[in-house]
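Here's the letter readout for the chains.
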Amino acid sequence: MAFVSFAFILFLVVLVPVYYLVPKKAQFIVLLAGSVFFYAFCGWRSLLYIIAATLNSYLFARWLSSAAKKENGRVEQMRETWSRDERKAFRVTSKKKRFRILVLGLVIGFGLLCIPKYTAFTVSNINAITGASITIPSLLLPMGISFYTFQSMGYLIDVYREKTECERNFAKYALFVTYFPQLLQGPISRFSDLSPQLLAPHDPEWDRMMSGFLRILWGYFKKVVVADTALLAVGTILSDPETYNGIYVFFLLLLYAAQIYGDFTGGIDITLGISEMLGIYVKENFDHPFSSLSTKEYWRRWHITMGTWFTDYVFYPLSVCRPMQRFSKWSREHLGNAVGRRLPVYFATIVTWFLTGLWHGASWNFIVWGLLNCLVILISQELNPLYEKFHKRFPNLAQNTFYRHFAMIRTFLLMGFIRTLDCYRDVPLTFSQWGTMFYAPGFSRLFTEQSLLGLNGWQWLLLGLSLILVWQVSRNSPNDAPLRHRIAARPVAGIVVAACLIFVVLIFGSWGIGFDASQFIYNQF
Amino acid sequence: MSVRLKRILAAAAAIIVLVLIFAFLQALLVPKYMESTQEGAMIAEYYDEPVSHDVLFVGDCEVYECFIPSVLYQEYGITSYVRGSAQQLIWQSYYLLEEMLERESPKVVIYSVMALKYGTPQNEAYNRMTLDGMQWSKSKWNAIKASMTEGENMLSYIFPILRFHSRWSDLSSEDFTYLFSKDPVTYGGYLPQTGVVPKTSTREGDKLKDYRLPETSMAYLDKMLKLCRSHGAELVLLKSPTNSWKYWWYDAWDEQVFAWADEHQVGYYNLIPSDWEIGLDWDLDTYDGGIHLNLSGAEKLSSWFGKILKNDVELPDRRGQADTDDYYGKMAERLNQLKEKNQNEQD
């Protein structure tokens, strides 16, 4: 069921009142039933996948938990009998056993993701490298599989690390995996953050419900007015790369930034708004990413939950694992302290960004996109001493408004430039299009009808005004004190703003017959 | 006044204001079909009819561009109305007829058979032009359900703003001029075309893979017959004269319709071979190279077909009745004004 559909709106109109009308103990059951119903719209095959992913992580977590309990019980039982060394040896053996259980759970869990998502990519690469002609299978990619797989695997690792208590009730655990607002495009939540809220009783409160409602409407505004209007122009540029090269690639960079920002943050606003209406606070996934002054900062503000997932479950474990420590030691001995110290970190960073790219999609453009981000981050890191020297020389510059705006625009353009790989989805084409920006910009084409990119004057005006509105609201709406809270606290203002947003989305949104943009970009991941 | 009552009143006022804004925006954004694509305004005009009719025509352009009720009245005293619309599919004709038979009791229903070739929903734009003009009833609901193409939904028929919201950037003076009231575009359902584009091609229609008329269409034809008989009306089938490969009536189709009509004791008039007898001149009486008739062609056809109707079916001569004289007289006058205007423009 797509967020931008009448069916979904009807679904919400039924679900929210039912959620508050049933006894509080049954609220989570309503959410679970609603989530399964919601996902069932993706087809029974997709439903089977999510059931398999849920069962896998649930059963392995139970196994891990039971193994840990047995281990602790045995240690407790033998407290008087065993020496310290014996206890330590037992712990090591038990941990290895639990690690093997974890690995098996992860292999099955990630296998469920990899088979539908990466089989065709792998086979086509094998064919390309070896010259073989293995038939490329066409497998169904269940909606949101990357999100719920990461969420459930994160839980499994947390149970292994004994950071999270294992959930014994299958229905309660299933709700954590299938919770419908975040099922298709995240955020990727942690069990300890989300599950207690999903299971807690909630009362309807005007301010919270209105705030959530406003956030949903704002999300729809960003999606169907901003993103999908920008998409019309983006689509025109992408439909004919030979005509729309040079300066138009720069336009693409700007327009796609508007599109993906409106699309992804809009989708997350809808997710978080629905949750807020239900009394559930899901972690923010964005924190004003386009105001970042550096690439590193940008990645702390954009798709936050994915970034922290990779940091916690890939980068850190990889950086401190035993083989890496051995490699670190070896490289320090053989390559010197400076290089030796860097190599393991670089290796972990490259692997993390390679996987981040691969997570976004099974194609080379995403992998190259991930590695280019990695390259920019590593170069920035290497240049850090120079920056520091520079800022020491000009101590007031960092606070200078002009410099800050320069840094912001530089980061925005750099990220936008790399992001165009996502648009063309073809690495050589993207590189050649980048080239045309410099050797054949074609400025003379700027003032022709071609430069309207398929939009009429009114639509450009709408897009421009919408972007200004989004920018202004974003500026005045920090995550810890959002504007909607202030509006929702005043009932009349809340109703007026909600009504205006409804009419704006209804009339100016690019949705319905004649528009094909109802699906969110991140639903595909 | 208690605080609670104040809140209730404020909420009620807010809801009323919202509904009014919604209604206004909907009225503004839906197409008016007054200056271009007038076919979209035809279906709704039926509800303004001040008189009842002895003959009802239903079907596609083969009725609304071919038969002129004022000619039928002035020459034969036949009161008639043409409830046609562009690419009107047979289930749409059926439900339109069902709705009309709830309102009046005609003696004859004439159905144009060309649309029998379509057995599935065809085109969203044509659907809207036929269905949006219908007043809400069970018939409209069923007509929409039967007609929706992929991607369409019932909600957008209930609230047409959901379909036409994107017209905000195409609004023209027409949308403001006809915001609250519309002018009639038809003459008793007849939509005149005054241009002349002679027939040039002698090509015949393309070969088809399957010449069977769709089962769905034939099932609706059965239903239409049952409906007419239950209301005491006689069903007559008609194929208007056309002469273009683009709009070809195949012999195989003709045979199937003829067989059905014979089996059910229903009159069927295929007027294609009668064009010479009607007096049609394919150099003068068509506005699109023989696909459709223009005003002069429609006048000839109406005059000729009225005589057939009068001879074959027992129909009262209503001439001399004050209300019908007045109504069809004004219709003829409007049509004459149009002809004069057209003549002046040509001169």
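Please refer to the structure higher up on the page.
Here the structure is a predicted model, which means the values were calculated and not measured.

Q: Give a detailed account of the packing of aromatic side chains, specifying residues and quantitative values.
A: Two numbers describe a pair of aromatic rings. These are the distance of the centres and the angle of the planes. Residues and elements named next belong to chain B. Scanning all chains against the criterion turns up 67 aromatic pairs over all chains. Residues Phe22 and Phe159 carry aromatic rings whose centres are separated by 5.6 Å and whose planes lie at 85 degrees to one another, so their mutual orientation is edge-to-face. You can see Phe22 sitting in helix H1 (residues 3-29) and its partner Phe159 sitting in the loop between helix H8 (154-158) and helix H9 (161-164), a full 137 residues away along the chain. On the accessibility criterion, Phe22 (22% relative accessible area) is partly exposed.

Q: Quick one: what's the story with a positive patch on the surface, residue by residue and with numbers?
A: Residue and element names in this part refer to chain A. Together, Lys70, Lys95, Lys96, Lys97, Arg100, Arg322 and Arg326 give the surface a local cluster of positive charge. At the level of secondary structure, the elements contributing two or more residues to the positive patch comprise helix H4 (84-130) and helix H12 (322-335). Counting residues per element, the positive patch draws most heavily on H4, at four residues. Within the fold, Lys95 resides in helix H4. Exposure remark for Lys95: the relative accessible area of 45% places this residue in the partly exposed category.

Q: Please set out unusual backbone geometry residue by residue, giving values where relevant.
A: In most cases, non-glycine residues show a negative phi, while peptide bonds are predominantly trans. A positive phi angle, near 50 degrees, is found at A:His288, a position not held by glycine. Considering the arrangement of structural elements, one finds A:His288 in the loop between helix H9 (247-277) and helix H10 (295-301).

Q: How would you summarise the pairing of strand S1 (residues 55-59) of chain B if you had to cite specific residues and measurements?
A: Residue and element names in this part refer to chain B. Along S1, five of the five residues are buried, which leaves the element largely enclosed by surrounding structure. Here S1 shows no split at all, with Val55, Phe57 and Gly59 on one side and Leu56 and Val58 on the other all buried. Where S1 meets strand S2 (residues 80-84), five bridges bridge the pair, whose relative direction is parallel. Considered in S2, the bridge of Val58 is made with Arg83.

Q: Kindly report on a nonpolar patch on the surface, identifying the contributing residues and their values.
A: Residue and element names in this part refer to chain A. Where nonpolar side chains cluster on the molecular surface, the patch consists of Trp44, Leu48, Ile51, Leu55, Leu59 and Phe170 and spans about 590 Å² of accessible area. Among the elements that take part in the nonpolar patch, helix H3 (residues 44-77) stands out by supplying five residues, more than any other. Mapped onto the secondary structure, Phe170 falls in helix H6 (residues 170-178). Taking the relative accessible area as the measure of exposure, Phe170 reaches 32% and is therefore partly exposed.

Basis of the calculations
Residues numbered from 1 in each chain as written. Chains lettered and ligands numbered in written order. Predicted model: local features only at pLDDT ≥ 70, side-chain atom pairs only at ≥ 80, totals over all residues. Heavy atoms only, no water. Phe/Tyr/Trp six-rings, centres within 6.5 Å; stacked < 30°, edge-to-face > 60°. Helix = DSSP H or I, 4+ residues; strand = E, 2+ residues; numbered from the N terminus. Buried < 20%, exposed > 50% of the residue type's maximum accessible area, 1.4 Å probe, protein only. Patch = residues over 30% accessible without salt bridge, like charges linked within 9 Å, V, L, I, M, F, W, Y side chains within 5 Å. Areas by Shrake-Rupley, 256 points an atom, 1.4 Å probe, with all protein chains shown as cover. Salt bridge = Lys/Arg side-chain N within 4 Å of Asp/Glu carboxyl O. Lys, Arg positive; Asp, Glu negative; His and termini not counted. Charge placed at Lys NZ, Arg CZ, Asp CG, Glu CD. Pairing = 2+ DSSP bridges.

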